[in-house]
Amino acid sequence: MSKILILFAHPALEKSRVQSQLLAALRGLQGVTLHDLYEVYPDLNIDVRHEQSLLLQHDIILFQHPFYWYSAPAIVKQWQDLVLEHGWAYGSSGTALRGKRMGNVITAGGPETTYSKEGWHHHTIADFLLPFEQTAILCNMQYIPPFTIYGTHRLTPSLIQEQAVAYRQMLEQLRDEQTRI
Ligand SMILES: Cc1cc2nc3c(=O)[nH]c(=O)nc-3n(C[C@H](O)[C@H](O)[C@H](O)COP(=O)(O)O)c2cc1C
């Protein structure tokens, strides 16, 4: 069984319709650690050693966040800039994360059809997440394709619930499957 660390980032969780339900769905899931970055670091003053120690204790790292300006909320960038140190996460002696897996769990306002070459946004979500994918590769990690919930503005409460159940199932599968590395 793999241990999953969810690095969660939502700067306005009190207004959330979708991410809040995803959080509710993963409550009590064995082997899954939820780490709410804005709750722990409201001033973005990230404790690098604590974060690195959390990473070492887990096999799969998921950034869970709303899609903001084709990327993640600011604290995720701050986290990456500070925690993924040269000589620790990457570089010739930076092997701490080798063999782990990393991915994104995204909610996006835009409908799925808008995220294509011909669509309104001209690129897929996976295209926009390329910096995450390459960061994983640089750190000798395997990148997991994103779990994406599209068109959040038009999702009814029951459709949000369906997505939340699918998310919980995805996490269980990820946790229980045999790693290919
Ligand atoms: C600052 C900001 C930037 C956003 N940028 C995007 C974007 O680039 N693409 C997109 O599809 N939706 C974008 N959205 C919509 C959010 O992704 C969407 O409202 C959110 O994922 C819904 O989840 P929630 O109910 O948990 O907040 C943006 C919203 C905000 C507030």
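Explanation requested: the pattern of salt bridges in the structure shown.
When their charged atoms lie close together, side chains carrying opposite charge are able to pair. In the structure shown here, the tally under the stated rule is five salt bridges. Among the ionic pairs, R101 bridges to E177, the shortest N-O distance being 3.0 Å. Here R101 is found in strand β4 (residues 101-107), whereas its partner E177 is found in the segment after α7 (157-176), with 76 residues between them in sequence. The salt bridge involving R168 is made with E172; its shortest N-O contact spans 3.7 Å.

Help me out: how do you make sense of the nonpolar core in this one?
Generally speaking, a soluble globular protein has its nonpolar side chains buried in company with each other. Grouped together as the largest cluster of nonpolar side chains are 33 residues, with contacts concentrated most on L55, F67, I75, W79, L97, M102 and F132. Of all the elements in the fold, those that place two or more residues in this core are β1 (4-8), α2 (37-40), α3 (48-56), β3 (60-66), α4 (74-83), β4, α5 (125-128) and α6 (130-138). No other element matches the four residues that α4 contributes to this core. For F67, the residues in contact, after removing those within four places along its chain, are I106, T107, A108, Y115, I125, F128 and L129. One finds F8, I144, A164 and L174 within the second-largest nonpolar core, a separate group that totals 23 residues.

How do you make sense of α7 when you look at a structure like this?
Taking 1.5 Å per residue as the helical rise, α7 with its 20 residues ought to reach 28 Å, and the 29 Å between its terminal C-alpha atoms agrees with that figure. Along α7, the positions that sit buried rather than exposed are I160, A164, Y167, M170, L171, L174 and R175. Down the axis of α7, the buried set is contained in an arc of 130°. They therefore lie on one face. Seen from the buried face of α7, the exposed residues on the opposite side, beyond 90 degrees, are E162 and Q173. Tucked inside the fold, the buried residues of α7 contact β1, α1 (19-25), β3, β4 and β5 (142-149).

Explanation requested: the side chain of T114 in the structure shown.
As for its position among the elements, T114 is in the loop between β4 and α5. A relative accessible area of 15% places T114 in the buried class. Side-chain polar atoms of T114 contact the backbone oxygen of P111, separated by 2.5 Å. Look past the residues within four positions of T114 in its chain and what remains in contact with it is G119, W120, H121 and H122.

When you look at the pairing of β4 in this model, what are you seeing that I'm missing?
The side chains of a regular strand alternate, first on one face of the sheet and then on the other. For β4, a buried count of seven out of seven residues is recorded, marking the element as mostly surrounded by other parts of the structure. Every second residue of β4 is oriented toward a common face, with R101, G103, V105 and T107 on one face and M102, N104 and I106 on the other, all of them buried. Two elements, β3 and β4, share seven bridges in a ladder whose sense is parallel. Paired with F63 across the two strands is N104, which belongs to β4. Chirality of the crossover, the property in question, places the unit of β3, α4 and β4 among those that are right-handed.

What counts and what doesn't
Residues numbered from 1 in each chain as written. Predicted model: local features only at pLDDT ≥ 70, side-chain atom pairs only at ≥ 80, totals over all residues. Heavy atoms only, no water. Salt bridge = Lys/Arg side-chain N within 4 Å of Asp/Glu carboxyl O. Helix = DSSP H or I, 4+ residues; strand = E, 2+ residues; numbered from the N terminus. Core = buried A, V, L, I, M, F, W, Y, C linked by side-chain atoms within 4.5 Å. Buried < 20%, exposed > 50% of the residue type's maximum accessible area, 1.4 Å probe, protein only. Contact = heavy atoms within 4.5 Å. Expected span 1.5 Å × (residues − 1). Arc of directions from axis to C-beta. Polar contact = N/O pair within 3.5 Å; in protein donor to acceptor, adjacent residues only side chain to side chain. Pairing = 2+ DSSP bridges. Right-handed = clockwise from strand over helix to strand, strands pointing away.

It is worth stressing that arrangement in space is one thing and function is another; only the former is reported here.
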